[in-house]
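# Chain and residue survey
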Amino acid sequence: MQVTGELCNYEGMDPTTVPPITTLPQQDQSFPPAAPMQPQPTQFPSPQPLPPPVPPMPQEGTQSVISGGSSKKGLGGFGIFVIVAIIILASVWGVVAYLYIGNKNKTAQETANNEAAVEVSPTAIPFNATEIQITNGDVARLSSVGETQTLVKKEDYPGSGLIGFAHVAVSPDNTKLCFESIPPASDPTLYISNVDGTNVETVVKNKHTCTWSPDNNFLFYINDTLGNKQIDIYAYSLTSKEERNLTEKTSTKTAIRQYTIGTVDGNTLNCSYDVVNASGKKISSSNCSIDLVSGEVTDAATVGTP
């Protein structure tokens, strides 16, 4: 393709405003043939993570739950006043309930303490050994206020007979009792028990006049033989449950001693005795003492002779 231009002169025109027209030289432009299109492999984009869900936009007229300004504006002055009044009333009732419950618990505790004091008040009375006595054949306690409490019933021991028990002695530490039934009981027996009459035990038969040692570990008593028979003093150990005759070697065939138990001072048992002959006639009387450690019997001056 060739282009021909002609130079035109415009007369009367300002050459500064109208540029001259030049004729472009003719050029041969040849284009190479286009290359055929090659098929390209199909490429798929790599998977991308899904975007987070977009929360729905609040609708017009819907009040936001989170918005504090809207709530306050919705409540108004009266609503705030109601809330404050409710809080004050709840606080007042809470204090009243606390004080009421505390006062109720205190009253209940004081009542319990008073009841406990009433229950233990009877035990506050000091124990007196002289309160333990034989009453109508029973072992009983006669309190200082005139009340009688039966500790051991004679009906529970048929061998004591109609008379029942005839003697009772309290241990020095006020924890034990020694009581006995004597002739005419069909089964004369000596017993021990707790001071309240519980845990009754048989000590020995045909013995009586039980006396406690100062250390509460021994009982002293005599046999009940009368007439021209020897009456001896025995010691019974509550620990070993053994019996020992303290005076069996002090009598002779013509001078038979019949002992009576006196007081016990430490390791010395004070005693007295009558001397009778073979026919049972009384010859003399005397006081004596027994050393509980050595077992020696010491005679005092003779009281007199018949």
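Residues numbered from 1 in each chain as written. Predicted model: local features only at pLDDT ≥ 70, side-chain atom pairs only at ≥ 80, totals over all residues. Heavy atoms only, no water.

### A short note on the sheet that holds strand S10 (residues 233-237)
Basically, it comes down to this: Pairs of strands are assigned from DSSP output, requiring at least two bridges between the strands. Under the scheme used here, helices are H or I runs from DSSP no shorter than 4 residues and strands are E runs no shorter than 2 residues, and both carry numbers assigned from the N terminus. Axis lines are fitted through C-alpha atoms, for helices just across the contact stretch, and the angle between N-to-C directions can take any value from 0 to 180 degrees.
Taking strand neighbours across the sheet as the criterion, the four strands line up as S8-S9-S10-S11 in an open arrangement whose pairing is antiparallel. If you trace the sheet from one side to the other, it starts and ends with strand S8 (207-212) and strand S11 (243-245), each paired once. Strand after strand, the sheet turns through a mean of 30° between neighbouring axes, direction not considered. Pairing analysis gives five bridges linking strand S9 (residues 218-223) to S10, with the strands arranged antiparallel. Its bridge partner lying in S10, Ile-222 is registered against Ile-233.

### Let's talk about the sheet that holds strand S1 (residues 132-135)
Overall, antiparallel pairing links the three strands, which are arranged S1-S2-S3 in an open sheet. The open sheet is flanked by S1 and strand S3 (148-152), the only strands paired with a single partner. For this sheet the average axis-to-axis angle between neighbouring strands, irrespective of direction, equals 40°. Across four bridges, the pairing between strand S2 (residues 138-142) and S3 is antiparallel. By the bridge assignment for S3, Leu-142 is matched with Thr-148.

### Considering unusual backbone geometry
Across the junction of Pro-183 and Pro-184, the peptide omega takes the value 15°, indicating a cis bond. Along the polypeptide, Pro-184 turns up in the loop between strand S5 (176-181) and strand S6 (189-194). For Asn-174, which is not glycine, the phi dihedral falls at a positive 60°. For Thr-209, which is not a glycine, the phi torsion comes out positive at approximately 60°. Mapping Thr-209 onto the fold places it in strand S8.

### Some words on the packing of aromatic side chains
For the record, the criterion: Whether two aromatic rings pair depends on their centres lying within 6.5 Å, for rings of Phe, Tyr and Trp, where Trp uses its six-membered ring; planes under 30 degrees apart make the pair stacked, over 60 edge-to-face, and the rest tilted. With a 1.4 Å probe rolled over the protein chains alone, any residue whose accessible area is under 20% of its type maximum counts as buried; one over 50% counts as exposed, and the rest are partly exposed. By definition here, charges over rings are those cases where NZ of Lys or CZ of Arg is within 6 Å of the ring centre and within 35 degrees of the ring normal.
Here the structure, examined in full by the defined rule, presents seven aromatic pairs. Here the aromatic rings of Phe-165 and Phe-179 are separated by 5.1 Å at their centres, their planes lie at 85°, and the arrangement is edge-to-face. Here the residue Phe-165 occupies a position in the loop between S3 and strand S4 (167-170), and Phe-179 occupies one in strand S5, the gap between them amounting to 14 residues. Overall, the relative accessible area of 2% leaves Phe-165 in the buried class. Judged by its relative accessible area of 0%, Phe-179 is buried. Grouped by ring-pair contacts, the aromatic residues Tyr-157, Phe-165, Phe-179 and Tyr-191 constitute a single cluster. A cation sits over an aromatic face here: Lys-207 above Tyr-234, 5.0 Å from the ring centre. Above the plane of the ring of Tyr-273 lies Arg-257, whose end atom (NZ or CZ) is 4.0 Å from the centre.

### Description of a nonpolar patch on the surface
Here is the rule we go by: For patch building, the residue pool is restricted to those with more than 30% relative accessible area and no salt bridge; the joining distance is 9 Å between like charges and 5 Å between nonpolar side chains (Val, Leu, Ile, Met, Phe, Trp, Tyr). Here the Shrake-Rupley method, with its probe set to 1.4 Å, supplies the accessible areas, and only the displayed protein chains count as covering residues. Each salt bridge in this description consists of a side-chain nitrogen of Lys or Arg and a carboxyl oxygen of Asp or Glu lying within 4 Å of one another.
Taken together, the side chains of Ile-80, Val-84, Ile-88, Leu-89, Val-92, Trp-93 and Val-96 present a nonpolar region at the surface, about 690 Å² in accessible area. Along the chain, Ile-80 turns up in helix H1 (residues 68-120).

### Re the state of the cysteines
Put simply, the test is: The rule for a disulfide is simple: a pair of cysteine sulfur atoms within 2.5 Å.
Evaluated as defined, the whole model comprises two disulfides. Residue pairing for Cys-178: its cysteine sulfur links by disulfide to Cys-210, the two sulfurs lying 2.2 Å apart. Taking the sign of the S-S torsion, -130° for the link of Cys-178 and Cys-210, the bridge is left-handed. Highlighted residues: Cys-178 in strand S5 and Cys-210 in strand S8, separated in sequence by 32 residues. Judged by relative accessible area, which is 0%, Cys-178 ranks as buried. The residue that forms a disulfide with Cys-271 is Cys-288, at a sulfur-sulfur distance of 1.9 Å. Pair noted here: Cys-271 is in strand S13 (residues 268-276) and Cys-288 is in strand S14 (residues 282-291), with a separation of 17 residues, a long-range link. For the residue pair Cys-271 and Cys-288, the accessibility class agrees, reading buried in each case. Here the cysteine-cysteine linkages of the protein chain are recorded as 1-2, 3-4, numbering only bonded cysteines and doing so in sequence order.

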